[in-house]
Amino acid sequence: MSALTLTPNLSGHDDLYQSLVALHEGLSEEDSLKVWAKLALLLANHIGDRRVIEAAIAAARPAA
Amino acid sequence: MANVAGIPVYKEIGATPAPATDTDSAPVVIVGAGPVGLAMALDLGRRGHAVTVLNRLDFVAHCSKAICFSKRSLDILDRLGAGDAVTDKGVVWNIGKVFWGGDDAPVYQFDMLPVKDQKRPGFVNIQQYYVEDYLLDEVSKLPNVEIRWGHAVEDVTPGPEGVTLDVTAGGQGYRLHAGWLIACDGSRSTVREKMGLDFEGRVFEDNFLIADIRMTHEMPPERWFWFDPPFNPGRSALMHRQPDDVWRLDFQLGWNIDREAAIRPENVEPFVRAMLGEGVAFEREWYSVYTFQCRRMARFVHGRVIFAGDSAHLVSPFGARGCNGGFADIDNLGWKLDLVLRGAADAALIETYNDEAIATADENILNSTRSTDFLTPKSTASRALRDAVLELAGEHAFARPFVNSGRLSTAVSYPTSLLSTPDAETWAGGVPPGSPVLDAPLEDGWLLDALGDDFVLISHGWDGTAPEGLMRLEVSGLAAERLALPEGGATLVRPDQYVAARWQHPTTEAIAAALSRARGALLKGDACLH
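Here is what the cut-offs are and how they apply
As a convention, each chain's residues are numbered from 1 in the sequence order in which they are written. All chains are assigned letters beginning at A, and all ligands numbers beginning at 1, according to the order in which they are written. Under the rules for a predicted model, residues below a pLDDT of 70 receive no local features and side-chain atom pairs below 80 are neither given nor counted, while totals for whole chains, interfaces and linings still include all residues. No hydrogens and no water enter the side-chain calculation; it runs on all heavy atoms of the structure. Strands are runs of DSSP state E lasting at least 2 residues, helices are runs of H or I lasting at least 4, and numbering of each runs from the N terminus. Within these notes, the globule rule equals 2.2 Å times the number of residues to the 0.38 power, and the radius of gyration is based on C-alpha atoms. When accessible area is computed with a 1.4 Å probe and restricted to protein chains, residues below 20% of their type maximum are described as buried, those above 50% as exposed, and intermediate ones as partly exposed. Surface accessibility follows the Shrake-Rupley procedure with a 1.4 Å probe radius. Residue values consider only the protein chains on display as shielding. These domain limits were set by an automatic method or by a database of domain assignments. The contact rule is simple, with two residues in contact once any of their heavy atoms fall within 4.5 Å. Defined in terms of a 1.4 Å probe, buried area is the accessible area two parts forfeit on being brought together, summed over both. One side-chain nitrogen of Lys or Arg within 4 Å of one carboxyl oxygen of Asp or Glu is enough to make a salt bridge. Any pair of N or O atoms that falls within 3.5 Å is considered a polar contact. Within protein, one atom must be able to donate a hydrogen and the other to accept it, and sequence-neighbouring residues count only if both atoms are side-chain atoms. Amino acids are sorted into nonpolar (Ala, Val, Leu, Ile, Met, Phe, Trp, Tyr, Cys and Pro), charged (Asp, Glu, Lys and Arg) and polar (every other residue, Gly among them). A pair of strands is considered paired only if DSSP assigns at least 2 bridges between the two.

Trainee: For this particular structure, what's the right way to read the overall build of chain B?
Mentor: When helices and strands are tallied, chain B shows 13 helices and 27 strands. Its C-alpha radius of gyration of 24 Å places chain B within 12% of the 24 Å reference for a compact globule of 530 residues. Each of the three principal axes of chain B carries a C-alpha extent, and together these read 70 × 60 × 45 Å. Out of the 530 residues belonging to chain B, those deemed buried represent 58%. Looking at chain B as shown, the accessible area adds up to about 21000 Å², and 50% of this sits on carbon and sulfur atoms.

Here you go:
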């Protein structure tokens, strides 16, 4: 069983979605990529469990 | 002073005449008198073996080349008698700082000697030719080691009981039969080429300029690295101090450049002035352009031919894992070949050099590849990730350990070594089998200095009897603490200072069994018959 939570674990999904869209407002694609990367790094550090993060990376990767 | 091939000369030695007869033989031949070949000759020579070294050139070259010698290399050089000369001449450093953009405050810094109270520092910077010179001083004390200068290998014919070399010296050819051949002849190894062996890996599409210059400059003895500095925008740069007021400056140049033109003084000087100021006074020491390669041979042992150093594996320089990796090789091989040559171990022991040296090379290649991917991102997304790390690192401590300007060389462990006896007890820390002993103060000196060139049993208040012929060293205090040895415990150490086994409650029989295993007794199916 994956250590990664894949069932709903938040409230206010629409608010969060809007925050993520707003994060990129006015940014070039290059800067947007960097902002995504920063967010991933911040969250990864907060989670702090390499197994969970690797499971998330695997879940995010496009199916071959 | 430069020789005919245009290579600057540090020390003229002169050609050694070819042997009087056109066939000659030697039990051990080493090809290459660079730092790795000389250290190999010294190790085997100190153990009493007759060693013949062949070197194509008849002088020591005046190029700085390798300049960063790791603590582990200094420990090895200590064992070989050259550690003091190298450390006394060298620039000692432990701290590395990484800068980003024009900011004067580092975004990240590291300490290469996190555990203090050890004899040697994290690193010493010194020009390669000094290291070669000091190794030569030690080799010259050994009448059983002969260096043949200006002797070039032309062909290699391996056989089951040895190797035949075709050698030319001063226009005269001769054949040399070697019982064992150790190829320490560098990245363009003639031995490897003549044997038609593979050298697989990646070449990274980027050029870097080395500008070694001589100038008077004040800066702490630290490794300084820049990402995207104003003086080399969008690229990286490195600054390192060497002895004699020589400084290594390294600038990333990009891929599509004219490599010949890049090292002309009129093209190098603008980089130096941009970095250090228009008015800076300096002299050229050595300019060179290089590209990264991470590659290794599939095997380092081919019958009686053994590869060590750059001939077997190549990495990018941003981790100081080249020459230091080569010293790790000879340190691992020396005692094993010694036992085999003396008939005290089966030749199968040499196969563990293949395993352990490949483990070291793979760790070096892995680290080097990762550093290179950080230094020269290959895609828009990986550049975004790299820049995200650097931007966050300026502000938040959590991001700083991601900054990778080169993970510098430290000793590599062999957790799965066939020569180790796995722990049978539960240990809280200490040094496990397959890892090198951690140095500590010991009476008026140091633990590592007390270990010598042979197997040693380090004990802490154990009153049992060690197997016959095994050297014994009693420790207490910090030395025992760093090994996590309880009262009555003991650690068996290999001649290369790696732990072979450890016990909280040792017995003579268990120690004898571990010693025998560390000497390769279990490597052959009929080992139990011996």
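Trainee: Got a minute to help me understand the domain arrangement of chain B in this structure?
Mentor: As a measure of interface size, the accessible area lost when the parts come together is often cited. Residues and elements named next belong to chain B. Partitioning chain B into structural domains gives domain 1 (9–94 + 109–199 + 294–366) and domain 2 (441–529). For domain 1 and domain 2, the distance between their C-alpha centroids amounts to 28 Å. At the junction of the two partners, domain 1 supplies 23 residues and domain 2 supplies 19 residues. When the two sides are added together, the surface that domain 1 and domain 2 hide from each other amounts to roughly 1700 Å², 52% of it contributed by carbon and sulfur. Here domain 1 is connected to domain 2 by 4 salt bridges. Joining domain 1 to domain 2, the criterion identifies 10 residue pairs in polar contact (both at pLDDT 80 or more). Broken down by secondary-structure element, the contributors of at least two residues to the side of domain 1 that touches domain 2 are helix H2 (71–80), helix H8 (323–341) and helix H9 (348–375). When its residues are assigned to classes, the side of domain 1 that touches domain 2 shows 6 nonpolar, 3 polar and 14 charged.

Trainee: Can you walk me through the side chain of B:Gln497 in this structure?
Mentor: Positionally, B:Gln497 belongs in the loop between strand E26 (489–493) and strand E27 (499–503). For B:Gln497, the residues in contact, after removing those within four places along its chain, are B:Arg72, B:Asp75, B:Arg79, B:Ser435, B:Pro436, B:Val437, B:Leu448 and B:Leu451.

Trainee: How should I be thinking about the sheet that holds strand E17 (residues 246–254) of chain B in this particular structure?
Mentor: Either a parallel or an antiparallel arrangement is found when strands of a sheet pair, and the pairing is made through backbone hydrogen bonds. All names here are of chain B. Strand order in the open sheet made by the 8 strands is E8-E7-E15-E16-E17-E14-E18-E21, with mixed pairing throughout. At either end of the open sheet lies a strand with only one pairing partner, and these are strand E8 (108–111) and strand E21 (313–314). Pairing of strand E15 (residues 223–227) with strand E16 (residues 236–242), which is carried by 4 bridges, proceeds in the antiparallel orientation. In the strand pairing of E16, Trp 226 is matched with Ala 237.

Trainee: Just checking my understanding: could you explain unusual backbone geometry for this structure?
Mentor: Keep in mind that most residues, glycine aside, have a negative phi and that most peptide bonds are trans. Residue and element names in this part refer to chain B. Of note in this structure, Glu 443 is not a glycine but carries a positive phi near 50°. When you line up the elements, Glu 443 lands in the loop between strand E22 (441–442) and strand E23 (445–446). One non-glycine residue, Gln 497, lies in positive phi territory at about 70°. Given the relative accessible area of 3%, Gln 497 is considered buried.

Trainee: I would appreciate a short explanation of the interface of chain A and chain B in the present structure.
Mentor: If you look at the interface, chain A gives 8 residues, while chain B gives 11 residues. In this assembly, chain A packs against chain B so that about 930 Å² is buried in total across both faces, 81% of it on carbon and sulfur atoms. On the chain A side of the interface with chain B, the three residues burying the most area are A:Lys34, A:Lys38 and A:Leu41, jointly 54% of the side's total. Our count for the contact surface shared by chain A and chain B stands at 2 salt bridges. For the salt bridge of A:Lys34 with B:Glu391, the shortest nitrogen-to-oxygen distance reads 2.5 Å. Across the contact surface, chain A and chain B share 2 residue pairs in polar contact (both at pLDDT 80 or more).

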